[in-house]
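Residues per chain are reported as follows:
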Amino acid sequence: MTETPKKASNIRQAVDFGALVAFMAAYAVNRFARGLDGQEALVQATWVLVGASLIALVVGYVVERRLAPLPLLTGGFALIFGVLTIVFHDPNLLKIKLSIQNGLLAVVLLGSLPLNRYPFKYLLGEAIRITDAGWRGLTLRYGLYFAAVCIVNEIVWRTQSDDAWVAFRGGLWIASAVFGVWQVFFIMKHLIKDDEPTPLSPDTGL
């Protein structure tokens, strides 16, 4: 892997993480400094999410000269559900977005395994070069991860407070980063050539 792709990946991860931090900071300001209730604070913070999603997509295009499939998918979901949340003034739409997004990815990835096709290879673009056995293993792992996130998110947002859901959203980014680092060891076993794999976080932070 060349230095340029590494730099682009680092920039993208920084932007994605910054978008999530900005969203959580906006929620905290509206919730605790301005004294808004949880639902109103989420709606107000969604304005930041929509703006951050646009910035992330623009930066991704400028840095990589293309819109990578996975960031485009997740960024698009963030924009669509973010706008819907603002228009209908319903923060539950933002919470459901996480379930629909991850549930869809889980169905596509796990459903592709019996067909011996690996759409995850397309979603990651040219991030890594590994064997078909490696792609199959990654597809299974990430498919199960997305399914787990979908299920847990449904439990959290339906049973817990808005504060708890925002905290869960922040913790999920950390969990996804750890999960991505863990996959490096698996990727190294299936590399086609002596590239240096980078962690592949399943959470863009949006």
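Residues numbered from 1 in each chain as written. Predicted model: local features only at pLDDT ≥ 70, side-chain atom pairs only at ≥ 80, totals over all residues. Heavy atoms only, no water.

**Notes on the packing of helix H2 (residues 38-64) against helix H3 (residues 69-88)**
Next up, step 1: The N-to-C vectors of H2 and H3 enclose an angle of 150 degrees; their axes lie 9 Å apart at closest approach. Compared by their axis directions, H2 and H3 come out roughly antiparallel. For the crossing formed where H2 meets H3, the hand is left-handed. Along its contact with H2, which presents Val-43, Thr-46, Trp-47, Val-50, Ser-53, Leu-54 and Leu-57, the element H3 presents Pro-71, Leu-72, Gly-75, Ala-78, Leu-79, Gly-82, Val-83, Thr-85 and Ile-86. (Axes fitted to C-alpha atoms, helices over the stretch in contact; angles between N-to-C directions. Helix = DSSP H or I, 4+ residues; strand = E, 2+ residues; numbered from the N terminus. Parallel < 35°, antiparallel > 145°, perpendicular 65-115°, else oblique. Left-handed = near helix turned anticlockwise from the far one by under 90°. Contact = heavy atoms within 4.5 Å.)

**Overview of the nonpolar core**
Next up, step 1: Core analysis: the biggest nonpolar cluster contains 38 residues, and Phe-23, Phe-120, Trp-135, Leu-138 and Trp-165 have the highest contact counts within it.
Next up, step 2: For this core, the secondary structure elements donating two or more residues are helix H1 (3-33), H2, helix H4 (92-112), helix H5 (119-123), helix H6 (132-159) and helix H7 (162-189).
Next up, step 3: Beyond its immediate sequence surroundings of up to four residues, Phe-120 is in contact with Leu-109, Trp-135, Leu-138, Thr-139 and Tyr-142. (Core = buried A, V, L, I, M, F, W, Y, C linked by side-chain atoms within 4.5 Å. Buried < 20%, exposed > 50% of the residue type's maximum accessible area, 1.4 Å probe, protein only.)

**A word on H2**
Next up, step 1: Along its 27 residues, H2 runs 37 Å from first to last C-alpha, staying within 8% of the 39 Å computed at 1.5 Å per residue.
Next up, step 2: Residue Asp-37 occupies the N-cap position of H2, its side-chain oxygen lying 3.2 Å from the main-chain nitrogen of Gln-39. (Expected span 1.5 Å × (residues − 1). Polar contact = N/O pair within 3.5 Å; in protein donor to acceptor, adjacent residues only side chain to side chain.)

**Describing the UniProt feature "transmembrane region" (unreviewed entry) in the protein**
Next up, step 1: Per the UniProt annotation, the sites labelled "transmembrane region" (unreviewed entry) are residues 12-29, 41-63, 70-88, 100-118, 139-158 and 170-188.
Next up, step 2: Helix makes up 68% of residues 100-118 and strand 0%, with an end-to-end C-alpha separation of 20 Å.
Next up, step 3: Along residues 139-158, the helical share is 100% and the strand share 0%, with 29 Å between the first and last C-alpha atoms. (UniProt positions renumbered as here; feature names shortened; annotations may be inferred.)

**What about the packing of H2 against H7?**
Next up, step 1: Contact geometry for H2 and H7: axes closest at 9 Å, N-to-C directions at 40 degrees. Viewed along their axes, H2 and H7 adopt a mutual orientation that is oblique. Of the residues in H7, those touching H2 at Gly-38, Gln-39 and Leu-42 are Asp-162, Trp-165 and Val-166.

**Here's the deal with the environment of Ala-133**
Next up, step 1: Structurally, the position occupied by Ala-133 is in helix H6.
Next up, step 2: Measuring from C-alpha to C-alpha, the distance between Ala-133 and Asn-116 comes to 10.0 Å, with 17 residues separating the pair along the chain.
Next up, step 3: Those residues in contact with Ala-133 that sit more than four places away from it in its chain are Phe-186 and His-190.

**Thoughts on the environment of Leu-72**
Next up, step 1: You can see Leu-72 is positioned in helix H3.
Next up, step 2: It is 9.4 Å that separates the C-alpha atoms of Leu-72 and Ala-56, two residues lying 16 residues apart in sequence.
Next up, step 3: The residues touching Leu-72, leaving out its near neighbours within four places in the chain, are Leu-57 and Leu-67.

**A short note on H4**
Next up, step 1: The first and last C-alpha atoms of H4 sit 30 Å apart over 21 residues, in line with the 30 Å expected at 1.5 Å per residue.
Next up, step 2: Listed in full, the buried residues belonging to H4 are Leu-94, Lys-95, Lys-97, Leu-98, Ser-99, Gln-101, Asn-102, Gly-103, Leu-105, Ala-106, Leu-109 and Ser-112.

**Focus on the packing of aromatic side chains**
Next up, step 1: For the coordinates displayed, the defined rule picks out six aromatic pairs.
Next up, step 2: With a centroid separation of 5.9 Å and an interplanar angle of 5 degrees, the aromatic rings of Phe-77 and Phe-81 are classed as stacked. Of this pair, Phe-77 and Phe-81 both sit in helix H3, separated by four residues, roughly a single helical turn.
Next up, step 3: Residue classification places Phe-77 among the buried positions, given a relative accessible area of 14%.
Next up, step 4: Judged by relative accessible area, which is 13%, Phe-81 ranks as buried.
Next up, step 5: Judged by centre distance (5.9 Å) and plane angle (75 degrees), the rings of Phe-179 and Trp-182 are edge-to-face. Highlighted residues: Phe-179 and Trp-182, both in helix H7, separated by three residues, approximately one helical turn.
Next up, step 6: Accessibility expressed as a relative area gives 12% for Phe-179, which makes it buried. (Phe/Tyr/Trp six-rings, centres within 6.5 Å; stacked < 30°, edge-to-face > 60°.)

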